[in-house]
Amino acid sequence: MSRTHVLPANEKTLRTGVVDRSHPPVLTVESGDTVDLATGTCWGDVVRPGMTMADVLRESAAWSGVGPHDLTGPIAVAGAAPGDALKVEVLGLTLREHAFNLDLPGHMGYGLLPEDFRDGHMRHYRLDLEEMSVELGAGLTVPLAPFPGFLGTAPAAAGPHSSVPPGGHGGNLDLKELVTGSSLYLPVWTEGALLYAGDIHAAQGNGEVNLTALEASASSLRLRLTLIPDAAIRAPRAETPAHLITMGFGATLDEAARMATRDMIVVAGDCLGIPASDAYALCSMTMDLAVTQTANGAVGVHAMLPKHLAGTPSPETLVGRKGR
């Protein structure tokens, strides 16, 4: 019988800025269990209303060489082994009230347009959790659409890895489609899978152009973790009620777009039983490419195929099977 585990965010459960296959798990669950976890903000959960740009630069310097993200985990799934896949279902997300947006001084080279914005800015917001909206100023109110920006297994390579660049382990995907009701499929690269979660975004546009989204934290992020043995995926895939999603990462958007498209050709071919050339044509006629983010060094592009075209694929179909 599946269980629900509660995992708080504290000095024992948070890792800041680094993922590593050698980190001991803070929790071990069975396949099919749900984890109700809390998350922090950044740099050891220090971001609070009133934090200034000088405070940000001090914290950034203190944590030089690693990412800013406070990650809850890692969470081990019993029996997970390299070559499996982990299905992560987002069952619910409850935000805390405080959120912020940050763009660093232009000379630091972050964001899409650092040369246009020389001065850094730290903006604080109070989220209206009843109306699920936020006032950005001057009477401008936008709806919230919260999702975890970071969901990733431990990487394949040994040693510490910055939390900033996404990759074959998932990680800092910043994929705005991963709201409640969606699922993410991640390759397993090490025993136990070792899932990290965090970087909650209350709202984000595709691109995340000024470096950050509406950055927040969660009092409750509810994830169901299900192991799929003997999978063929080597990069994250996702599923929403309306779309199948593949992802690409690279030094350029062209490189990332090619990766996402190649993977969607495989997904479409597996779901429909058609040759790659026909899947390529289908993608050209029905698939949308979107810029996931431009802020994380390895830029991201995701491909979205309307789910109704693929019927109702099983999780096993979506991750492929070895030896097919």
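Quick look at the structure, then. Small disclaimer: the values here were computed from a predicted structure and weren't measured.

### So, the overall build of the protein
Phase 1 of the analysis: Tallying secondary structure elements over the protein gives four helices and 22 strands in all.
Phase 2 of the analysis: Its C-alpha radius of gyration of 19 Å places the protein within 12% of the 20 Å reference for a compact globule of 324 residues.
Phase 3 of the analysis: Based on the C-alpha atoms only, the size of the protein along its principal axes is roughly 55 × 45 × 40 Å.
Phase 4 of the analysis: By the burial criterion, 55% of the 324 residues in the protein qualify as buried.

### Quick word on a nonpolar patch on the surface
Phase 1 of the analysis: On the surface, Leu112, Leu113, Phe117 and Val209 cluster together into a nonpolar patch covering about 360 Å² of accessible area.
Phase 2 of the analysis: Take Leu113: it is sitting in the loop between strand 8 (98-103) and strand 9 (121-126).
Phase 3 of the analysis: Look at Leu113 and you get partly exposed, because its relative accessible area is 39%.

### A word on helix 2 (residues 253-272)
Phase 1 of the analysis: Taking 1.5 Å of rise per residue, the 20 residues of helix 2 would be expected to cover 28 Å, and the 28 Å separating its terminal C-alpha atoms lies within 8% of that figure.
Phase 2 of the analysis: Ala256, Ala257, Ala260, Thr261, Asp263, Met264, Ile265, Val267, Ala268 and Gly269 are the residues of helix 2 that are buried.
Phase 3 of the analysis: For helix 2, the secondary structure elements touched by its buried residues are strand 19 (237-239), strand 20 (243-250), helix 3 (276-286), strand 21 (288-293), strand 22 (299-306) and helix 4 (315-319).
Phase 4 of the analysis: With its phi angle positive at about 65°, Gly273 sits one or two positions after the end of helix 2.

### Let's talk about the pattern of salt bridges
Phase 1 of the analysis: Across all of its chains, the model carries seven salt bridges by this definition.
Phase 2 of the analysis: In this structure, Asp45 and Arg48 form a salt bridge, with 3.8 Å as the shortest nitrogen-oxygen distance.
Phase 3 of the analysis: Accessibility expressed as a relative area gives 22% for Asp45, which makes it partly exposed.
Phase 4 of the analysis: By relative accessible area, which is 43% here, Arg48 ends up partly exposed.

### Observations regarding the pairing of strand 20
Phase 1 of the analysis: Strand 20 sits mainly inside the fold: seven of its eight residues count as buried.
Phase 2 of the analysis: Connecting the antiparallel pair strand 19 and strand 20 is a turn made up of three residues.
Phase 3 of the analysis: In terms of strand pairing, strand 20 meets strand 22 through eight bridges, oriented antiparallel. Each residue of the ladder has a partner; that of Gly250, found in strand 22, is Val299.

### Structural notes on the side chain of His169
Phase 1 of the analysis: Following the sequence through the fold, His169 ends up in the loop between strand 13 (161-162) and strand 14 (170-172).
Phase 2 of the analysis: Taking the relative accessible area as the measure of exposure, His169 reaches 11% and is therefore buried.
Phase 3 of the analysis: In this structure His169 touches Leu151, Gly152, Thr153, Ala154, Pro155, Leu186 and Trp189, once residues within four positions along its chain are discounted.

### Examining unusual backbone geometry
Phase 1 of the analysis: With omega at 5°, the peptide bond leading from Gly73 into Pro74 counts as cis.
Phase 2 of the analysis: If you trace the backbone, Pro74 turns up in strand 6 (residues 70-77).
Phase 3 of the analysis: Positive phi, close to 55°, is recorded for Ala138, a residue that is not glycine.
Phase 4 of the analysis: Inspection of the secondary structure puts Ala138 in the loop between strand 10 (133-137) and strand 11 (140-143).
Phase 5 of the analysis: Given a relative accessible area of 90%, Ala138 falls into the exposed group.
Phase 6 of the analysis: Of note in the backbone geometry, Leu211 takes a positive phi value of approximately 110° without being a glycine.
Phase 7 of the analysis: On the basis of relative accessible area, Leu211 is assigned to the buried category, the value being 14%.

What counts, and where the lines are drawn
- Residues numbered from 1 in each chain as written.
- Predicted model: local features only at pLDDT ≥ 70, side-chain atom pairs only at ≥ 80, totals over all residues.
- Heavy atoms only, no water.
- Helix = DSSP H or I, 4+ residues; strand = E, 2+ residues; numbered from the N terminus.
- Rg over C-alpha atoms; globule rule 2.2 N^0.38 Å.
- Buried < 20%, exposed > 50% of the residue type's maximum accessible area, 1.4 Å probe, protein only.
- Patch = residues over 30% accessible without salt bridge, like charges linked within 9 Å, V, L, I, M, F, W, Y side chains within 5 Å.
- Areas by Shrake-Rupley, 256 points an atom, 1.4 Å probe, with all protein chains shown as cover.
- Salt bridge = Lys/Arg side-chain N within 4 Å of Asp/Glu carboxyl O.
- Expected span 1.5 Å × (residues − 1).
- Contact = heavy atoms within 4.5 Å.
- Pairing = 2+ DSSP bridges.

Everything listed here is a matter of geometry and, on its own, says nothing about what the molecule does.
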